[in-house]
Amino acid sequence: MRDLILLIVGAALVNNVVLARFLGLCSFMGVTTKIDTAVGMGMATTFVITVSSMGDWAIERFLLMPFDLGYLRTVTFILVIAAAVQFTEMVIRKVSPALFQTLGIYLPLITTNCAVLGVALLLVEGKMNFIQSTVFAFASSLGYSLVMAIFAGLRERIALADVPRLFAGPPVGFVTASLLAMAFMGFSGMSAN
């Protein structure tokens, strides 16, 4: 149990996919102008990362490894991710049309979000079992969602601030993101004792 807790903390906070591994920056910078949009994108991405990682783990373990088809890993993983994104898109369109409209082009772009593929490839690299893989994927996506929500809140506050013209827009966003990354670096000092 302790190993799973450390895996969750490590994946969500210490090795955050956005702030430590620099994956998923397109949606991080593009969707985080409002908290509710960022939370919606985070929830959709959490679902896609978790479900596709479970499917990718099974395909890797039962198809690619036994038949020595590792060279098809990236293509196969992207197909699984695309299927999960299509399902997610259909559900969001049905359940919350307003969120579907707000997310716009960013929702189908989850397929090409490097954080989603990156987590699946990290699972292969880590040689994790199914439970560890699922927990790692879910924790990584929760870390992604947490950072999206925090950054969106910061950007909403910055939009109300009097920012010098030179820093207005993306520059202050990048400065804020770097400060957030430094804050998350503090978690790397956590000990297992």
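Counting of residues starts from 1 at the beginning of each chain's written sequence and follows it residue by residue. This being a predicted model, a pLDDT of at least 70 is required before a residue's local features are given, and a value of 80 or more before pairs of side-chain atoms are given or counted; all residues contribute to the totals for chains, interfaces and linings. As a rule here, side-chain values come from all non-hydrogen atoms in the structure, and water together with hydrogens is ignored.

Visitor: When you look at the environment of threonine 112 in this model, what are you seeing that I'm missing?
Guide: Assignment of secondary structure puts threonine 112 in the loop between α5 (97-103) and α6 (114-126). Sequence separation between threonine 112 and glutamate 60 is 52 residues, and the spatial gap between their C-alpha atoms is 20 Å. The numbering of helices and of strands both runs from the N terminus, where a helix is a DSSP run of H or I of at least 4 residues and a strand a run of E of at least 2.

Visitor: When you look at a nonpolar patch on the surface in this model, what are you seeing that I'm missing?
Guide: Distance thresholds for patches are 9 Å for like charges and 5 Å for nonpolar side chains (Val, Leu, Ile, Met, Phe, Trp, Tyr), applied to residues having over 30% relative accessible area and no salt bridge. In this description, accessible areas are obtained by the Shrake-Rupley approach with a 1.4 Å probe, and a residue is regarded as covered only by the protein chains that are shown. The rule for a salt bridge is simple: a side-chain nitrogen of Lys or Arg has to be within 4 Å of a carboxyl oxygen of Asp or Glu. A cluster of nonpolar side chains, namely Phe47, Val51, Phe87, Met90, Val91 and Val95, defines an oily patch on the protein surface of about 540 Å² accessible area. Those elements that place two or more of their residues in the nonpolar patch are α3 (35-64) and α4 (73-95). Per-element accounting of the nonpolar patch gives the leading share, four residues, to α4. Counting through the fold element by element, phenylalanine 87 comes out in helix α4. Throughout, exposure labels follow a simple rule: accessible area from a 1.4 Å probe, protein chains only, divided by the maximum for the residue type, with under 20% read as buried, over 50% as exposed, and the rest as partly exposed. When its relative accessible area of 44% is taken as the criterion, phenylalanine 87 is described as partly exposed.

Visitor: Any chance you could explain the layout of surface pockets here in plain terms?
Guide: By rolling a water-sized probe across the atoms, one finds the places where empty space is left. Looking at the largest pocket, its volume works out to about 150 Å³. If you go around the largest pocket, the residues you meet are Ser53, Asp56, Trp57, Glu60, Arg61, Met65, Phe77, Ala120, Leu123, Val124, Lys127 and Met128. At the level of secondary structure, the elements contributing two or more residues to the lining of the largest pocket comprise α3 and α6. Looking at which element gives the most residues to the lining of the largest pocket, the answer is α3, with five residues. Cavity means a closed set of points on a 1 Å grid over the protein atoms alone, one where a 1.4 Å probe fits but cannot get out, pocket means an open set with protein on both sides within 12 Å along at least 5 of 7 lines, and lining means a residue has an atom within 4 Å of a point. Grid points are joined across faces, edges and corners, and a volume is the space filled by probe spheres set on the points.

Visitor: Quick question: what am I supposed to make of the packing of aromatic side chains here?
Guide: The relation between two aromatic rings is expressed through the spacing of the ring centres and the mutual angle of the planes. The rule is short: rings of Phe, Tyr and Trp, with Trp giving its six-membered ring, pair when the centres are within 6.5 Å, and they are stacked under 30 degrees, edge-to-face over 60, tilted in between. A full pass over the atoms with the stated rule returns five aromatic pairs. Relative to phenylalanine 151, the ring of phenylalanine 28 has its centre 4.3 Å away and its plane inclined at 20°; by these criteria the two rings are stacked. Pair noted here: phenylalanine 28 is in helix α2 (residues 25-30) and phenylalanine 151 is in helix α7 (residues 130-160), with a separation of 123 residues, a long-range link. Taking relative accessible area as the criterion, phenylalanine 28 reaches 2% and is therefore assigned buried. Under the relative-accessibility criterion, phenylalanine 151 is labelled buried at 0%. Judged by centre distance (5.9 Å) and plane angle (85°), the rings of tryptophan 57 and phenylalanine 62 are edge-to-face. Owing to a relative accessible area of 16%, tryptophan 57 belongs among the buried residues under this scheme. Joined through ring pairs, the aromatic side chains of Trp57, Phe62 and Phe130 make up one cluster.

Visitor: Help me understand the pattern of salt bridges, please; the structure alone is not making it clear to me.
Guide: Side-chain pairs of opposite charge can arise whenever the charged atoms involved come near each other. Per the counting criterion, the structure on display carries two salt bridges. In this structure, the salt-bridge partner of arginine 73 is glutamate 60, at a minimum N-O distance of 2.8 Å. Of the two residues, arginine 73 is situated in helix α4 and glutamate 60 in helix α3; the sequence distance between them amounts to 13 residues. Arginine 73 sits in the partly exposed class, given a relative accessible area of 22%. Accessibility expressed as a relative area gives 7% for glutamate 60, which makes it buried. Measuring nitrogen to oxygen at the nearest pair gives 4.0 Å for the salt bridge that ties glutamate 89 to arginine 93. Of this pair, glutamate 89 and arginine 93 both sit in helix α4, separated by four residues, roughly a single helical turn. Residue glutamate 89 is classed as buried on the basis of its relative accessible area, which comes to 11%. Exposure remark for arginine 93: the relative accessible area of 47% places this residue in the partly exposed category.

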